[in-house]
Amino acid sequence: MARLTQADLIDLNHTFEERTPLELIQWTQEIFGERVAAISAMQQAGNVLCHMLSKIEKSSRVLFVDTGVLFEETLQTRDRIVSEYGIEVVTLEPNQTMAEQTAELGVLYLSVDGQKQCCDLRKTQPLLEIADQFDALIGSLRRSDGGQRAQCPILAVDPQANCLRINPLVNMNTEQLQAYIAENKVITNPLHEQGYPTIGCNRCTTPVMPEEPKRAGRWRHLGPWSVYCGINPTDLDPEHSPAIELDQDLIDRILGRETDFMI
Ligand code: SF4
């Protein structure tokens, strides 16, 4: 195994700024083959990603984390995506139900530290349990969502899952996203029309007033200290971003290096 650092990706990230989302998805599939999956929480951008995958001849699997306390509308959106787009969606679940977790650990989501633990147990750990099946995960983060995501790179190392994260939609602004949804009649979660710009667990998501920031409804009860769940490593403190370990051959292919097999 060899190390691939975020710094190794600087030139490639620069080059990739010119590529379209579809080109980036196709590059990912060419490089990683079966060892790539997409992740969608069945929100708008994730559904656009699912729609794009459904248009590609050989689609990638989509991973969806069901925390056990999602809105019914989110689960129905997932089911429509599966039946109407014909893509494979793998639903991941935490080891405990929310009732079991609460009996053991209390109501975690009522404190800032507890929220981190709850999101880790119910979102991140289910993904990490199958992460060794993949060298790359395609996400749907967009820079125009602002906050920590305003600086999101197209390619990012994910040391926890030891894989590369690819964000092909980073340069799609909100107008472009809405235009894509309208033009392609993308399936969307009906809660978006009911005052929820972003949608997570039913315990921690509220509607948002028109003048509020889009993510104001996420962990509103915890004040401004909880903004992200942590399943996307680029949402975390950038100082946490060291390196992952992959086969040297695969790293050479990612970075477009010529391999001299005669050496
Ligand atoms: S969003 Fe709330 S309920 Fe869902 S996993 Fe995170 S803390 Fe737990």
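In this report, we go over the structure that sits alongside the text.

Conventions adopted
Sequence positions are assigned chain by chain, starting from 1 and proceeding in written order. It should be noted that, the model being predicted, local features are given only for residues of pLDDT at least 70 and side-chain atom pairs only at 80 or more, the latter also being counted only at that level, while totals for whole chains, interfaces and linings use all residues. Helix and strand assignments follow DSSP, with helices taken as H or I runs no shorter than four residues and strands as E runs no shorter than two, numbered in order from the N terminus. C-alpha atoms define the radius of gyration, and 2.2 Å times the number of residues to the power 0.38 defines the globule rule. Burial in this document is a count-based property: other C-beta atoms within 10 Å of a residue's C-beta are tallied, and the residue is buried at 20 or more, exposed at 12 or fewer, or partly exposed in between, with C-beta positions derived from the backbone. We call two residues in contact when their backbone-placed C-beta atoms lie within 7 Å. To count as a nonpolar core, a set of buried Ala, Val, Leu, Ile, Met, Phe, Trp, Tyr and Cys residues must be joined through C-beta atoms within 7 Å. We call a residue near a molecule or strand when its C-beta atom, built from the backbone, sits within 6 Å of it. Three classes are used, and their members are as follows: Ala, Val, Leu, Ile, Met, Phe, Trp, Tyr, Cys and Pro are nonpolar, Asp, Glu, Lys and Arg are charged, and the others, Gly among them, are polar. Two strands are said to pair when DSSP picks up at least two bridges between them. Each axis is a line fitted through C-alpha atoms, and for a helix only the stretch in contact is used; angles between axes span 0 to 180 degrees, taken between their N-to-C directions. Expected helix span is given by 1.5 Å per residue-to-residue step, counting one fewer step than there are residues. Under this scheme an angle from 65 to 115 degrees is roughly perpendicular, one under 35 degrees roughly parallel, and one over 145 degrees roughly antiparallel; angles in between are oblique. Helix crossings fall into two classes, left-handed where the near helix is turned counterclockwise from the far one by less than a right angle and right-handed where it is turned clockwise.

### As for the overall build of the protein chain
Here is step 1 of the chain: For the protein chain, the helix and strand inventory stands at 8 helices and 8 strands.
Here is step 2 of the chain: Against the compact-globule benchmark of 18 Å for 263 residues, the protein chain has a radius of gyration of 18 Å, which places it among compact chains.
Here is step 3 of the chain: When the backbone C-alpha atoms are referred to their principal axes, the protein chain occupies close to 60 × 45 × 35 Å.
Here is step 4 of the chain: Within the protein chain, the proportion of its 263 residues that are buried is 37%.
Here is step 5 of the chain: For the protein chain, long-range pairs separated by at least 24 residues make up 75% of all intrachain contacts whose partners lie at least 6 apart in sequence.

### Considerations on the environment of Asp145
Here is step 1 of the chain: You can see Asp145 is positioned in the loop between strand S5 (136–138) and strand S6 (155–158).
Here is step 2 of the chain: Judged by the 20 C-beta atoms lying within 10 Å of it, Asp145 is buried.
Here is step 3 of the chain: As for Asp145 and Asn173, which are separated by 28 residues in sequence, their C-alpha atoms are 8.2 Å apart.

### Brief notes about the nonpolar core
Here is step 1 of the chain: One finds Ala38, Leu49, Ala136, Leu137 and Leu164 to be the most contacted residues of the largest nonpolar core, which totals 44 residues.
Here is step 2 of the chain: Sorting the residues of this core by element identifies helix H2 (21–32), strand S2 (36–39), helix H3 (44–54), strand S3 (61–65), S5, S6, strand S7 (163–166) and strand S8 (243–246) as the ones contributing at least two each.
Here is step 3 of the chain: Of the residues forming this core, the biggest block, 6 residues, is contributed by H3.
Here is step 4 of the chain: In this view, Leu49 contacts Ala38, Ser40, Ile138, Ser140 and Leu169; residues no more than four positions away in its chain are not counted.

### Things to note about the environment of Thr124
Here is step 1 of the chain: Relative to the helices and strands, Thr124 resides in helix H6 (residues 112–130).
Here is step 2 of the chain: Take Thr124: there are 21 C-beta atoms within 10 Å of it, and that puts it in the buried class.
Here is step 3 of the chain: In the structure, Thr124 is positioned 105 residues away from Arg19 in sequence and 29 Å away in space, judged by C-alpha atoms.
Here is step 4 of the chain: Beyond its immediate chain neighbours, meaning those up to four positions away, Thr124 contacts Cys119, Gly230 and Ile231.

### A few points about the environment of Ile39
Here is step 1 of the chain: Looking at the element boundaries, Ile39 is found in strand S2.
Here is step 2 of the chain: C-alpha of Ile39 to C-alpha of Val65: the two residues are 26 residues apart in sequence and 8.4 Å apart in space.

### Here's the deal with unusual backbone geometry
Here is step 1 of the chain: A positive phi angle, close to 50 degrees, is found at Asn162, a residue other than glycine.
Here is step 2 of the chain: You can see Asn162 is positioned in the loop between S6 and S7.
Here is step 3 of the chain: Positive phi is not limited to glycine here, since Lys185 has a value of about 50 degrees.
Here is step 4 of the chain: When you line up the elements, Lys185 lands in the loop between helix H7 (174–184) and S8.

### What to know about the site of the ligand
Here is step 1 of the chain: The ligand sits among 13 residues. The nearest are Tyr109, Cys118, Cys119, Cys201 and Cys204.
Here is step 2 of the chain: For the shell around the ligand, the residue count by class is 7 nonpolar, 3 polar and 3 charged.

### A look at the pairing of S7
Here is step 1 of the chain: Alignment of S5 against S7, held across 3 bridges, turns out to be parallel. Paired with Ala136 across the two strands is Leu164, which belongs to S7.
Here is step 2 of the chain: Note: S6 against S7, 4 bridges, orientation antiparallel. Looking at the pairing, Asp158 lines up with Cys163 of S7.
Here is step 3 of the chain: Two successive antiparallel strands, S6 and S7, enclose a turn made up of 4 residues, where Asn162 displays a positive phi of approximately 50 degrees.

### Quick notes on the sheet that holds S5
Here is step 1 of the chain: Pairing in this open sheet of 6 strands is mixed, and the strands run S4-S3-S2-S5-S7-S6 from one edge to the other. The strands lining the two open edges of the sheet, one partner per strand, are strand S4 (89–92) and S6. Strand-to-strand twist of the sheet, defined as the mean angle between neighbouring strand axes without regard to direction, takes the value 30 degrees.

### A closer look at helix H4 (residues 72–85)
Here is step 1 of the chain: In this model, H4 (14 residues) spans 20 Å end to end at C-alpha, consistent with the 20 Å of a helix rising 1.5 Å per residue.
Here is step 2 of the chain: Where the residues of H4 are buried, they touch H3, S3 and S4.

### Describing the packing of H3 against H7
Here is step 1 of the chain: Between H3 and H7, whose axes approach to 11 Å, the crossing angle comes to 50 degrees. As summarised for this structure, H3 and H7 are arranged oblique, according to the angle between their axes. As for how H3 packs across H7, the hand of that crossing is left-handed. Residue-level contacts link Gln44, Ala45, Val48 and His51 of H3 to Leu177, Tyr180, Ile181 and Asn184 of H7.
Here is step 2 of the chain: Its residues assigned to classes, the contact of H3 with H7 comprises 5 nonpolar, 3 polar and no charged.

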